[in-house]
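Chains, contacts and geometry: an overview
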Amino acid sequence: KAVVSTQSTGEQVGVSLKEGEQPPKTKAQLKAERRAIQEAQRAAKQKLKEQQAQGGGAGKQKQPPTGAKPAATKSAAIATKPSAKGKPADVSKPTTKQPDKQPDSCGSGRVEILSHLKLYDRNIPPTQALSYTSSKIHPAFVKLGVQMARDIIVGSNARCAALICAVKTFIEDYNCPKTKEIRSHLNIALKPCFSYLAQCRMMSVSMENFIKHIKLQITKTSPDLSDNEAKEELLFECENFFKENIYLAGKSISEKAVARIVNGDMILIYKKSQLILHILLEAKRQRKQFKVMVVDSRPDLTGVASCERLTAAGIPCSYVYINSCTYIMKKVTKVLLASDALLANGYVLGPVGTAMIGLIASNYNTPVIVCCETYKFSERVQTDSILYNELADPDSMLKTLNADDSLVAGWRESPNTRLVNLVYDTTPPALVSIVITEIAELPCTSAPVVLRRGAVKL
Amino acid sequence: AVVSTQSTGKKISKDTVSRLEEFALYLRESKKERRSYVSVVKTVNVFRDLICTSEWVTARELIKIIKSYCKYLPLSQSNETDVSNVVRRILKIIREENAGSEATSFADGLSSFFKSDMKASSIGRPDLQDNILNSIVELLSELETSKSNIINMALEHIHSNERILTFGHSNTVRDFLLHGRKARDFEVIVCESGPSLKGHKMAAELSDGGIKTTVIPDSSAFAIIHAVNKVIIGTHTIMADGALRAPNGVHQLAMAAKYFSVPVIVCAAVYKLSPTHLCSYDPDAFNKVIGPENMLNFSNEKLHSKVLISNPDFDYVPSDFIELFITNTGGHAPSYLYRIISELYHPEDYDLDNMCVEAVEDDICI
């Protein structure tokens, strides 16, 4: 018997059949069947939306680009870090019809070797899936997410510091329900905020390490303390994390690094880093005579800002693109690089292009000094730059400084053209001479020792 | 610039003079987008003209005329190596035809070192001129077929499902890859080659030809090169030891390729092979520094006035980074190029300013 019924309307559009006979379907029956399918889809969508509101935007509609749905599933699974275990699994294939054609911000065609990376999709406002009333995400985090997605806050230290502020605000405003304990419930309350942040932009290692730390601190709060006391303790933990790991660590690193700068040096730096600029300005304050070679690269060209800061302080600068690195490298005496993380097998994760500079410097026997705070050390191990990476806006590669358009400006229409804009790359330890951290100056390969030391301390 | 006839004492017709001046102007002006092949063919035609219309009796005089004309061309600048190479080919042709039946090659033993190939030969001007012009016609056809010879080797060097990395824009490499696409399916990753962004043009042309192309900024080359099968690049000039004068950024790409043991293949016609070596890294001697307007906007005047901005055009790539040269005479290892140079050019022509043709009076050449 073939009976078609709908879930919501409960209509029965039934046709009783004889065995193995297909009745001719009337127009009305076909119409009713179609309506039934639509109702089913609408119900599913409704369910999805409810789950989204609970999961705090974790099920945000990742619009599936043509022909890349399986990849979107994978990327959806990978992209939510780290606290998104409760996320519903059926996110990526919405069964509804596609709404009016949204501009395919991911572009046609994906590069196969990079298909495990989440495509750049920040054209969709991250707050789209959030509703005002039932959202579990604190407004401080909403704001932070948008700032990160729009590249208003960039840089590993800055992003971590901003996260610390947001968490502090959250804790201040947090009221533990009477029946729950703060040490178990606060983590649950923070989870949707963190997963929302992860969707706005992939979290940096610095942010991940802070989150790990604060979650541990929350679970360790003594149950004897009152709520307010516990909150104060946690606020102190946050501030302390910032003070020790970012502020004081930066000072300590710059002391050690400045001691290595001698008069007459030509120091090469890459793009813009808050820590490196701090070191150079400190060296200038100590009246050292040196020059700086700023190496920059497309598409974001942040080295220009570095140049501006340095010339404002009176340090003589030169400026080149990374293509010309071999041309100028023989004049350089030291290379000073910042990093986003130090991996447990000694690889340095930094802005893309760092590895190239390390390679050229080691070919010309120029010492490569990497500065990294210990809180950025990560337990992850990897040997190449592609496995853990982030894709940035491909359209920023089309910007040209002269008035002409780039010749691949129409790349989305062309089925054969793809643009890839990576954010990170990993430098092998053989290319790095020394890593300066606040506790010691180490070779790259000592990273696991520091990690273990940190774990033992806790 | 008027072509002076004082050094040779012979007259050159007005027509020829105007054509020579036009050619000198062409070289001076169209520096940026000049296509190697086009200028090389022009060069041959201009010099063929010069050979036909100028007054000379012996080969020695003809060589003097040609070399004195070369003084008026901006050949000492780094850009013009293809023109100088072709002039050297023509000079070699003249010497060979002059040596005629008593053709001496260096393989004939030590005595051939001491025989001058400039002794007055029995061939008179009309015959000599005919022979020379015939050889020049062969040279022209070799130049014409140089590109097709290179691209026909594409299928020997590209297998299917390969990932090939290339840098910036090169006509030879583009046609090489498009020819390979006809039979094999592969993917190409193009480095942008900023600040000129020539890589974008290459990517557009390749994807129009049906090849899946990915454009990456130059800084990502190291990150992605381990996943690439080979690097195929073009070059501006090949130096005598197998090193390259290539667009800026190729040296670091070759370094990264060597680090990951990815072979680097250079596609270039043999008229780009120059018998010169690197004498200095200075912009005047080897490199060329161009304006920084593509790097930093002139509107940012406080930086432009305070910061030293360098935008070199070329890069020196030592020969140990190169695996193979694909030229119109076939594929060669960098260590073999010296042999090709000795076949193509005569040692006395390596330095085109060298007018020591007069010194070769006797049989002993020192």
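Residues numbered from 1 in each chain as written. Chains lettered and ligands numbered in written order. Predicted model: local features only at pLDDT ≥ 70, side-chain atom pairs only at ≥ 80, totals over all residues. Heavy atoms only, no water.

A few points about the overall build of chain B
- Of the regular secondary structure elements, chain B holds 13 helices and 11 strands.
- Scored against the burial criterion, the 366 residues of chain B give a buried share of 56%.
- Of the contacts formed within chain B by residues at least 6 apart in sequence, a portion of 77% connects residues at least 24 apart.
- Carbon and sulfur atoms provide 50% of the accessible area of chain B, an area that totals close to 15500 Å². (Helix = DSSP H or I, 4+ residues; strand = E, 2+ residues; numbered from the N terminus. Buried < 20%, exposed > 50% of the residue type's maximum accessible area, 1.4 Å probe, protein only. Contact = heavy atoms within 4.5 Å. Areas by Shrake-Rupley, 256 points an atom, 1.4 Å probe, with all protein chains shown as cover.)

Some remarks on the interface of chain B and chain A
- Contact residues are listed per partner, giving 57 residues for chain B and 54 residues for chain A.
- Taken as a group, B:Ser219, B:Phe222 and B:Gln252 account for 14% of the area that chain B buries against chain A, more than any other trio of residues on that side.
- One can count two salt bridges joining chain B with chain A.
- Between A:Arg298 and B:Glu192 there is a salt bridge, with the nearest N and O atoms lying 2.7 Å from each other.
- Of all the secondary structure elements, the ones that give two or more residues to the side of chain B that touches chain A are strand 1 (163-167), helix 9 (198-208), strand 3 (212-216), helix 10 (221-225), helix 11 (250-259), helix 12 (301-306) and strand 8 (308-309) of chain B.
- Classifying every residue of the side of chain B that touches chain A gives 28 nonpolar, 19 polar and 10 charged.
- Strand direction decides the pairing type here: strand 10 (residues 417-419) of chain A and strand 3 of chain B, joined by three bridges, are parallel. If you follow A:Arg418 over to strand 3 of chain B, its bridge partner there is B:Thr214. (Buried area = accessible area lost by both parts, 1.4 Å probe. Salt bridge = Lys/Arg side-chain N within 4 Å of Asp/Glu carboxyl O. Nonpolar A, V, L, I, M, F, W, Y, C, P; charged D, E, K, R; others polar. Pairing = 2+ DSSP bridges.)

Side note on helix 1 (residues 14-29) of chain B
All names here are of chain B.
- When the terminal C-alpha atoms of helix 1 are compared, their 22 Å separation across 16 residues agrees well with the 22 Å that a helix rising 1.5 Å per residue should span.
- For helix 1, the complete set of buried residues consists of Thr16, Val17, Leu20, Phe23, Ala24, Tyr26 and Leu27.
- Those residues of helix 1 hidden inside the fold are in contact with helix 2 (36-53), helix 3 (59-70) and helix 4 (81-99). (Expected span 1.5 Å × (residues − 1).)

Side note on the packing of aromatic side chains
- Enumeration over the complete set of coordinates arrives at 13 aromatic pairs over all chains.
- Plain terms: the ring middles of A:Tyr319 and A:Tyr321 are 6.3 Å apart, the flat faces sit at 80° to each other, and that makes the pair edge-to-face. Each member of the pair A:Tyr319 and A:Tyr321 is classed as buried.
- An aromatic cluster is defined as three or more aromatic residues linked by ring pairs; in this entry it consists of A:Phe141, A:Phe170, A:Tyr174 and A:Phe194.
- A cation over a ring is seen here: B:Lys42 above B:Tyr26, with NZ or CZ 4.3 Å from the ring centre.
- One Lys or Arg, B:Arg245, reaches over the ring of B:Phe286 and ends 4.9 Å from the middle of that ring. (Phe/Tyr/Trp six-rings, centres within 6.5 Å; stacked < 30°, edge-to-face > 60°. Lys NZ or Arg CZ within 6 Å of the ring centre and 35° of its normal.)

With respect to the sheet that holds strand 4 (residues 290-296) of chain A
- One open sheet accounts for eight strands, arranged 13(A)-12(A)-9(A)-6(A)-3(A)-4(A)-5(A)-8(B); its pairing is mixed. Edge strands, defined here as strands with exactly one partner in the open sheet, are strand 13 (441-442) of chain A together with strand 8 of chain B.
- Pairing geometry for strand 6 (residues 334-338) of chain A and strand 9 (residues 368-371) of chain A, over four bridges, is parallel. Residue pairing in the sheet places A:Ala338 in a bridge with A:Cys371 of strand 9 of chain A.
- Strands in contact with helix 9 (residues 303-312) of chain A are strand 3 (265-270), strand 4 and strand 5 (317-321) of chain A; relative to strand 4 of chain A, the strand with the most contacts, it is inclined by about 160°. (Axes fitted to C-alpha atoms, helices over the stretch in contact; angles between N-to-C directions.)

What to know about the confidence of the model for chain A
- Here chain A averages 80 in pLDDT, while 78% of its residues score no lower than 70.
- Across residues 1-21 of chain A, confidence stays below pLDDT 50; counting only partners more than four residues off in sequence or on other chains, it has 22 contacts. (pLDDT = per-residue confidence, 0-100.)

Points about the pairing of strand 11 (residues 424-427) of chain A
All names here are of chain A.
- The two faces of strand 11 match: Tyr424 and Thr426 on one face and Asp425 and Thr427 on the other face are all buried.
- Relative to strand 11, strand 8 (residues 348-351) is paired through four bridges, and the arrangement is antiparallel. Bridged to Leu349 within strand 11 is Thr426.

Focus: the confidence of the model for chain B
Residues and elements named next belong to chain B.
- Put simply, chain B has an average pLDDT of 83, and 83% of its residues get 70 or more.
- Taking the mean pLDDT of every element in chain B, the minimum, 53, falls on helix 5 (residues 111-114) and the maximum, 96, on strand 7 (residues 264-267).
- Residue range residues 1-9 is modelled with pLDDT below 50. Its contacts to residues more than four positions away, or to other chains, number 15 contacts.
- For the stretch residues 358-366, pLDDT sits under 50, and the model shows 14 contacts to residues farther than four places along the chain or on other chains.
- The ipTM for the predicted assembly is 0.86, set against a pTM of 0.80.

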